[in-house]
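# Per-entry structural report
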Amino acid sequence: MERVESRPQAGQRTARGGRLTRRQAVGTLMGEAASSPLKRTMGVAQLTLLSVGATLGTGIFVVLGQAVPEAGPAIVVSFVLAGVTALFSALSYAELAGMIPGSGSSYSYAYATLGELVAWVCGWCLILEYGVSVAAVAVGWGQYVNELLDLAFGVTLPESLSAPPGLGGTLNIPAALIVVLAMVVLLRGAKESAVANTIMVGIKIAALVMFCAVAFTAFRAGNFHPLFPLGAAGMSAGAASLFFSYIGFDAASTAGEEARNPQRDLPRAIILSLVLVTALYVLVAVAALGAMPWKQFAGTEATLSEVLVRSVGGGSLWPILLSIGAVVATTSVVLTVQYGQIRILFAMARDGLVPPLFAKVNPRTGVPRANTVIVSAFIAVLAALVPLGSLADATSIGTLFAFMLVNLAVVILRRRSPGAPRSFRVPLSPVTPLLGVGFCVYMLFSLGSDTWIAFGVWMAAGLVIYGLYGIRHSRLNAPHEDPA
């Protein structure tokens, strides 16, 4: 087993620049995973459903309404483009998850290959990806709760209590409430959370299949002509927005220390979940566009429910059933992505880059309790105050950066540790992971300037925190090294 490079060797730099590039040894990461205090309770089925639960939700139920006006009927092609981008990264995740089955996901992979500073940047991107996406999904949950109340009882929550400041409200109470409810489930333990997620995933797949069956009864092929009314640029912009819909397939990689056979099951779960989700997305997009002309999608919130209302009538039972499925679906995403966020911080705290409180595990439940409460409180506040559109775009840019680093990590580890055991190998490496990098870069430059500015501010704040705390408390600091 490799040792962590915790002491400077002959000629090794101890200056700040050398400390920024120091790496965790792969063997050490594997050893930590093997001796983790977290409980190993998940098999391949639970891991696959964890990824599906984290992926299949607001992206198709809510964000579709924001993406269709950007691309028109070409949104179906946008889903495929976003799915191909995710597939290249999924293959890289599968190789690294089988090789380094820890809770840190791409943060740990970057630490083993690209050094501590890049690992921090990756971890900070993951905090943006997971934390902000939970808030975005919680906002979508509140929209579908309102839609369900309207369809079933003819009432809605007052706007002052169901919309954030700037959109006519004061606080989005439903969005904050679902985050708190997910926290309660997560505090009970990983096994209990997996059981709840399995039930909810079954319900939301049934809801989407039901939507397709009903929407196809109102299908009009003319709604797809012309296919590219806004050109290739519109299709690319739609794919960049829809990439939010694929965020979550990597959630299984954060469960590496709670999987019974991580080397075998993690790669399978990651790839299976992405294939299942992509097939459902394309099917739902075709059904939705066939039932309702693309120009009518502008301004819709509970999009799929509105498609059914306009195509089969508001008095039908189908929109009500779909809204129930959407509420369950978004609940599942909140639960599983919140789980992933907590495990990322657990790994970063174990490495000393964030306070050790985030790595403290309750011996009875096997859950990092303080971590769960703090993260949930932060996300609840975010969900109550920030609109959905801003949250979705910020999530996409953080995810694309993390995926780009995962693809690079595969190339580097193939050269640096060619003999290390791998339960899955990316085919046609390094071509496949480098294509993954290229697709991520292409999607990044399809995002708007406001998103880039917000991301720059987020990264600047992260680098300040790393400079003030992380670099001083890193576990890789030599005992005699002056952190100043």
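Described in the following lines is the structure provided in the data block. Treat the numbers as computed from the prediction; the structure is a model and nothing was measured.

This next bit is on the pattern of salt bridges. In this structure the tally under the stated criterion is seven salt bridges. The partner of Glu257 in a salt bridge is Arg350, and the shortest N-O contact between them spans 2.7 Å. With Glu257 in the loop between α12 (231-242) and α13 (262-291) and Arg350 in helix α15 (residues 317-350), this pair connects stretches of sequence that are 93 residues apart. Residue classification places Glu257 among the buried positions, given a relative accessible area of 0%. On the accessibility criterion, Arg350 (23% relative accessible area) is partly exposed.

To continue, consider the nonpolar core. Formed by 149 residues in total, the largest nonpolar core has its most connected members in Ile60, Phe61, Ile75, Phe211 and Leu304. The element that contributes the greatest number of residues to this core is helix α8 (residues 116-153), accounting for 20 residues.

One way to put it is that helix α6 (residues 75-99) packs onto α13 with a least axis distance of 9 Å and a crossing angle of 175 degrees. What the angle tells us is that α6 and α13 run roughly antiparallel. Tallied by class, the residues present in the contact of α6 with α13 amount to 21 nonpolar, four polar and no charged.

Looking at the secondary structure, you find Ala383 in helix α16 (residues 369-385). In this structure Ala383 comes out as buried when scored by relative accessible area, which is 0%. Linking Ala383 and Pro355, residues 28 residues apart in sequence, is a C-alpha distance of 24 Å. Setting aside residues up to four positions removed in sequence, Ala383 forms contacts with Ala135, Ala138, Val139, Asn172, Ala175 and Ala176.

Analysis parameters
Here the residue index of a chain counts from 1 through its sequence in written order. Given that this is a predicted model, residues contribute local features only at a pLDDT of at least 70 and side-chain atom pairs are listed and counted only at 80 or more, while totals for whole chains, interfaces and linings are drawn from all residues. Working from all heavy atoms in the structure, the side-chain values ignore hydrogens and water. Basic side-chain nitrogens of Lys or Arg form a salt bridge, by our definition, when they fall within 4 Å of a carboxyl oxygen of Asp or Glu. Counting from the N terminus, the helices are DSSP H or I runs at least four residues long and the strands are E runs at least two residues long. Residue exposure (1.4 Å probe, protein chains only): buried if accessible area is under 20% of the type maximum, exposed if over 50%, otherwise partly exposed. Side-chain atoms within 4.5 Å are what join buried Ala, Val, Leu, Ile, Met, Phe, Trp, Tyr and Cys residues into a set we call a nonpolar core. Here, axes are lines fitted to C-alpha atoms. For helices the fit covers the stretch in contact, and angles between N-to-C directions go from 0 to 180 degrees. Each angle is binned into one of four classes, with values under 35 degrees roughly parallel, values over 145 roughly antiparallel, values of 65 to 115 roughly perpendicular, and all other values oblique. Note that Gly is not counted as nonpolar here; it falls among the polar residues with everything else outside the nonpolar set of Ala, Val, Leu, Ile, Met, Phe, Trp, Tyr, Cys and Pro and the charged set of Asp, Glu, Lys and Arg. Residue contacts are defined here by distance: any two heavy atoms, one from each residue, within 4.5 Å place the two residues in contact.

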